[in-house]
Amino acid sequence: MLKWCCLLYGMAAGAYFHEYVMPYIWIVLAAAIILMIKPAIAYWKD
């Protein structure tokens, strides 16, 4: 449930502040990919 709440909060914040986020979209995507690597490795390692 926490993941869904965080996802929806992030989507709402991104929609509200899109003029500030869009110039840095590649940095945001790179950060998301970097933060995704460790949980993905931990998931598929077992």
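These figures come from a predicted structure and were not determined experimentally. (Residues numbered from 1 in each chain as written. Predicted model: local features only at pLDDT ≥ 70, side-chain atom pairs only at ≥ 80, totals over all residues. Heavy atoms only, no water.)

(A) Spatial organisation of the packing of aromatic side chains. What the rule picks out here adds up to three aromatic pairs. Centre to centre, the rings of Tyr16 and Phe17 are 4.8 Å apart; their planes meet at 90°, and the pair counts as edge-to-face. Among the residues examined, Tyr16 registers a relative accessible area of 61% and is labelled exposed. Of the residues examined, Phe17 reaches a relative accessible area of 39% and is grouped as partly exposed. Ring geometry for Tyr43 versus Trp44: centroids 5.4 Å apart, planes at 75°, classification edge-to-face. Each member of the pair, Tyr43 as well as Trp44, is classed as exposed. By the ring-pair criterion, three or more aromatic residues cluster together here, those being Tyr16, Phe17 and Tyr20. (Phe/Tyr/Trp six-rings, centres within 6.5 Å; stacked < 30°, edge-to-face > 60°. Buried < 20%, exposed > 50% of the residue type's maximum accessible area, 1.4 Å probe, protein only.)

(B) Inspection of a nonpolar patch on the surface at higher detail. The grouping of Trp4, Leu7, Leu8 and Met11 at the surface amounts to a nonpolar patch, some 470 Å² of accessible area in total. Examined against the element boundaries, Leu8 turns out to sit in helix α1 (residues 2–16). Overall, Leu8 belongs to the exposed group, its relative accessible area being 51%. (Patch = residues over 30% accessible without salt bridge, like charges linked within 9 Å, V, L, I, M, F, W, Y side chains within 5 Å. Areas by Shrake-Rupley, 256 points an atom, 1.4 Å probe, with all protein chains shown as cover. Salt bridge = Lys/Arg side-chain N within 4 Å of Asp/Glu carboxyl O. Helix = DSSP H or I, 4+ residues; strand = E, 2+ residues; numbered from the N terminus.)

(C) Examining the state of the cysteines more closely. What the rule picks out here adds up to zero disulfides. Unpaired in this structure, Cys5 has its nearest cysteine sulfur neighbour in Cys6, at a distance of 6.9 Å. (Disulfide = S-S within 2.5 Å.)

(D) Just the confidence of the model for the protein chain, in detail. The pLDDT averaged across the protein chain works out to 85; a share of 100% of its residues lies at or above 70. Element-level mean pLDDT values for the protein chain span from 84 in α1 up to 87 in helix α3 (residues 25–45). (pLDDT = per-residue confidence, 0-100.)

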